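Residues per chain, in single letters:
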Amino acid sequence: GLNAGGGDNLAGILYSMWLARAQVNRTTFAMGTASILFLQASKYAASTSLRLKWLRAAAPLFLTTVALALTTLLDLSNHGVPVVGEIPTGLPSFTASQWLPIVHIRKLIPTIVSIVLVGFMESVAISKQLAAMHKYEIDASKELIGLGMANFVGAAFNAYPVTGSFSRSAVCNETDARSQISGVVAATVVAFALLVLTPVFKALPL
């Protein structure tokens, strides 16, 4: 929430932030800093000790739980700590009936093409990097078919364009996920959270 003005370069932005330092909410700053330090320390501990390898997956979940508890018990949302707030409950609605007619199709085509190309290149780049790390081959044609099917089904439920995710791929790799079952488990947990847990997450600090 720091309103520090602009700047054309990093030095200018940092100087503006320094001038506006009196606006900083100390509770928010302390929580954010402590969270980053905890996650970095957990990652370092997990990478240096086999006994602490479980921290890779457990640390973010533990931090989320502690942050929720602190925000709720200490009423931090009324002390300047921004929280997620209300989240709509339920699964996305079926929207395939809105596919036709496509309005302004000529204006949309350049954007569509750029999204497809960038998304496909991003997915293949991630796939090739992981394939090189774990010594296996990927088929770019099958990758394209998979992305196409995912986008076709997702579009029927008002989803964002689907691509391979740098962050989710990194999480799966860090937690030693070895098959598509990890995606099924993640989707199931997300669906459960959308149906049941949205009132809990409204107190989660941003």
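Only a predicted model underlies this, so the values are computations on that prediction, with no experimental measurement involved.

A.B. asks: What is the right way to look at the overall build of the chain in this model?
C.D. replies: Counting secondary structure elements, the chain contains seven helices and zero strands. Scanning the chain from its N terminus toward the C terminus, one meets helices and strands in the order α-α-α-α-α-α-α. With the C-alpha coordinates aligned to their principal axes, the bounding extent of the chain is approximately 50 × 50 × 45 Å. Per-residue burial for the chain yields a buried fraction of 17% across its 206 residues. Nonlocal contacts in the chain, meaning residues at least 24 apart in sequence, comprise 64% of its contacts between residues at least 6 apart. Element-wise, carbon and sulfur atoms account for 69% of the exposed surface of the chain, whose accessible area totals about 15500 Å².

A.B. asks: In this structure, what is going on with the layout of surface pockets? I would like to understand it.
C.D. replies: Of the pockets and cavities examined, the second largest pocket occupies roughly 900 Å³. If you go around the second largest pocket, you meet 26 residues; those closest to its centre are Ile112, Asn151, Ala155, Ala159 and Pro161. Secondary-structure elements contributing two or more residues to the lining of the second largest pocket are α4 (105-134) and α5 (140-155). Top element by residues in the lining of the second largest pocket is α4. It accounts for eight residues. In terms of residue class, the lining of the second largest pocket is built from 17 nonpolar, nine polar and no charged.

A.B. asks: Sorry, what's going on with the packing of aromatic side chains here?
C.D. replies: Aromatic ring pairs are defined here through the distance separating the ring centres and the angle between the ring planes. Applying the stated criterion across every chain yields a total of three aromatic pairs. When the ring of Phe94 is compared with that of Phe157, the centres are 5.6 Å apart and the planes differ by 70°; the resulting orientation is edge-to-face. Note that Phe94 is positioned in the loop between α3 (55-73) and α4 and Phe157 in the loop between α5 and α6 (166-174), a separation of 63 residues in sequence. The class for Phe94 is exposed, based on a relative accessible area of 55%. For the cation-ring pair, Arg21 lies above Trp18, with the distance from its terminal atom to the ring centre recorded as 4.0 Å.

A.B. asks: What's the story with the environment of Ile138 in this structure? I'm lost.
C.D. replies: Structurally, Ile138 is set in the loop between α4 and α5. Of the residues examined, Ile138 reaches a relative accessible area of 26% and is grouped as partly exposed. Taking the C-alpha atoms as reference, Ile138 lies 7.0 Å from Lys128; in sequence the two are 10 residues apart. Here Ile138 is in contact with Val124, Ser127, Lys128 and Ala131, once residues within four sequence places are set aside.

A.B. asks: Quick question: what am I supposed to make of unusual backbone geometry here?
C.D. replies: Excluding glycine, a negative phi dihedral is what most residues carry, and trans is how most peptide bonds are arranged. The linkage connecting Leu100 with the following residue, Pro101, adopts the cis geometry, with an omega of -5°. Along the chain, Pro101 turns up in the loop between α3 and α4. Backbone geometry at Lys135 places phi at a positive 60°, although glycine is not the residue there. Position of Lys135 relative to the elements: it lies in the loop between α4 and α5. You can call Lys135 exposed: its relative accessible area is 70%. Not every positive phi belongs to a glycine, and Asn158 is a case in point at roughly 60°. Summarising the element assignment, Asn158 is placed in the loop between α5 and α6. Look at Asn158 and you get exposed, because its relative accessible area is 62%.

A.B. asks: For this particular structure, what's the right way to read the side chain of Ser42?
C.D. replies: Counting through the fold element by element, Ser42 comes out in helix α2 (residues 26-48). With a relative accessible area of 5%, Ser42 lands in the buried category. Sequence-distant contacts of Ser42, that is, excluding residues within four places in its chain, are made with Leu55 and Ala59.

A.B. asks: What am I meant to see in α2 here?
C.D. replies: Quick reminder: α-helices carry 3.6 residues per turn. Residues three or four places apart thus point the same way. Taking 1.5 Å of rise per residue, 23 residues should cover 33 Å, and α2 covers 33 Å from first to last C-alpha, within 8% of that figure. Elements that come into contact with the buried residues of α2 comprise α3.

About the cut-offs
- Residues numbered from 1 in each chain as written.
- Predicted model: local features only at pLDDT ≥ 70, side-chain atom pairs only at ≥ 80, totals over all residues.
- Heavy atoms only, no water.
- Helix = DSSP H or I, 4+ residues; strand = E, 2+ residues; numbered from the N terminus.
- Buried < 20%, exposed > 50% of the residue type's maximum accessible area, 1.4 Å probe, protein only.
- Contact = heavy atoms within 4.5 Å.
- Areas by Shrake-Rupley, 256 points an atom, 1.4 Å probe, with all protein chains shown as cover.
- 1 Å grid on protein atoms, 1.4 Å probe; cavity = no way out; pocket = protein on both sides within 12 Å on 5 of 7 lines; lining within 4 Å.
- Points joined across faces, edges and corners; volume = space filled by probe spheres on them.
- Nonpolar A, V, L, I, M, F, W, Y, C, P; charged D, E, K, R; others polar.
- Phe/Tyr/Trp six-rings, centres within 6.5 Å; stacked < 30°, edge-to-face > 60°.
- Lys NZ or Arg CZ within 6 Å of the ring centre and 35° of its normal.
- Expected span 1.5 Å × (residues − 1).

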